[in-house]
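Observations on chain architecture
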Amino acid sequence: MNDFLEKTEQEYAGEHDRPLKSYLRILSVYGGAVATGVAVAALTGRRAPERVGLMDLALMAACTHKVSRLIAKDPVTSPLRAPFTTYEGVSGPSELKEEPRNAMGELLACPFCLAQWTATAYAAGLVFAPRFTRLAGLTMTAVAASDWLQLAYAKLMRSTE
């Protein structure tokens, strides 16, 4: 099996560095976490919501956006990324640009990649702790809205100079 993975990785990557085995490990962790969550929910009698309302969807989307960017780009969370990335500079207001050193770095420095994990965690929260999850969603949605207001304010101030 290992020979097959190495051959597939070499054929797929060509001259590029594409660590398929590392990606497979990350996918396995994700799949394992989801399977564990489903099993724990079944064992404890928890059920997914019958339906997800528009307000929950809006909170989940805004929270996923903010938490993913917070983990991937915020200077304060850089210690989480530092073992897997290299600091390159600033990429925007209160955001860092970092170069991934490995597959884990690609995941942690990419808000698009983290969004799936964040949304899945939020969905699990709706099953296991819906009130707390909605409160966390509201909090992160308020932070996201504040970010947009800060950016709009800064643009407005620049336009008056």
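Residue indices begin from 1 for each chain and proceed along its sequence in written order. Thresholds applied to this predicted model are a pLDDT of at least 70 for local features of residues and 80 or more for the giving and counting of side-chain atom pairs; totals over whole chains, interfaces and linings are not thresholded and use all residues. Side-chain numbers here rest on the full set of heavy atoms in the structure, without hydrogens or water.

**Here we look at the pairing of strand E2 (residues 95–100)**
One face of the sheet, then the other: side chains in a regular strand alternate in exactly this way. Sheet topology places strand E1 (residues 85–92) next to E2; six bridges connect them, and they run antiparallel. Bridged to Thr 86 within E2 is Glu 99. At least two DSSP bridges between two strands are needed for those strands to be called paired. By the criteria applied, helices consist of DSSP H or I runs no shorter than four residues and strands consist of E runs no shorter than two, each listed in order from the N terminus. Where E1 folds back on E2, the antiparallel hairpin that results is connected by two residues, among which Ser 94 adopts a positive phi of roughly 60 degrees.

**Looking at helix H3 (residues 54–73)**
Between the first and last residue of a helix there are one fewer steps than residues, each counted as 1.5 Å, and that sum is the expected span. Taking 1.5 Å per residue as the helical rise, H3 with its 20 residues ought to reach 28 Å, and the 28 Å between its terminal C-alpha atoms agrees with that figure. For the exposure calls, accessible area comes from a 1.4 Å probe over protein chains only, and a residue counts as buried if that area is under 20% of its type's maximum, exposed if over 50%, partly exposed in between. Every buried residue of H3 is accounted for by Asp 56, Leu 59, Met 60, Cys 63, Thr 64, Lys 66, Val 67, Ser 68, Ala 72 and Lys 73. Contacts are assigned to residue pairs that have any heavy atoms within 4.5 Å of one another. Against the buried residues of H3 lie helix H4 (78–81), E1, E2, helix H5 (103–108), helix H6 (111–128) and helix H7 (130–159).

**Some points on the pattern of salt bridges**
Pairing of side chains with opposite charge becomes possible as their charged atoms draw close. We count a salt bridge whenever a side-chain nitrogen from Lys or Arg sits within 4 Å of a carboxyl oxygen from Asp or Glu. What the rule picks out here adds up to five salt bridges. Of the charged contacts in the structure, one is a salt bridge between Glu 98 and Arg 81, with a shortest N-O distance of 2.4 Å. Here Glu 98, found in strand E2, pairs with Arg 81, found in helix H4; they are 17 residues apart in sequence, far enough to count as distant. Using a relative accessible area of 12% as the deciding quantity, one classes Glu 98 as buried. For Arg 81, a relative accessible area of 0% translates into the label buried.

**Description of the packing of aromatic side chains**
Two rings belonging to Phe, Tyr or Trp (six-membered ring only in the last case) form a pair when the distance between their centres is within 6.5 Å. Interplanar angles under 30 degrees mark stacking, angles over 60 mark edge-to-face geometry, and anything in between is tilted. Evaluation of the coordinates by the stated rule reveals one aromatic pair. Measuring from centroid to centroid gives 5.1 Å for Tyr 30 and Trp 117, while their planes differ by 65 degrees, and the two rings are edge-to-face. Taken together, the residues Tyr 30 in helix H2 (residues 20–44) and Trp 117 in helix H6 connect sequence positions 87 residues apart. Exposure remark for Tyr 30: the relative accessible area of 18% places this residue in the buried category. Accessibility expressed as a relative area gives 27% for Trp 117, which makes it partly exposed.

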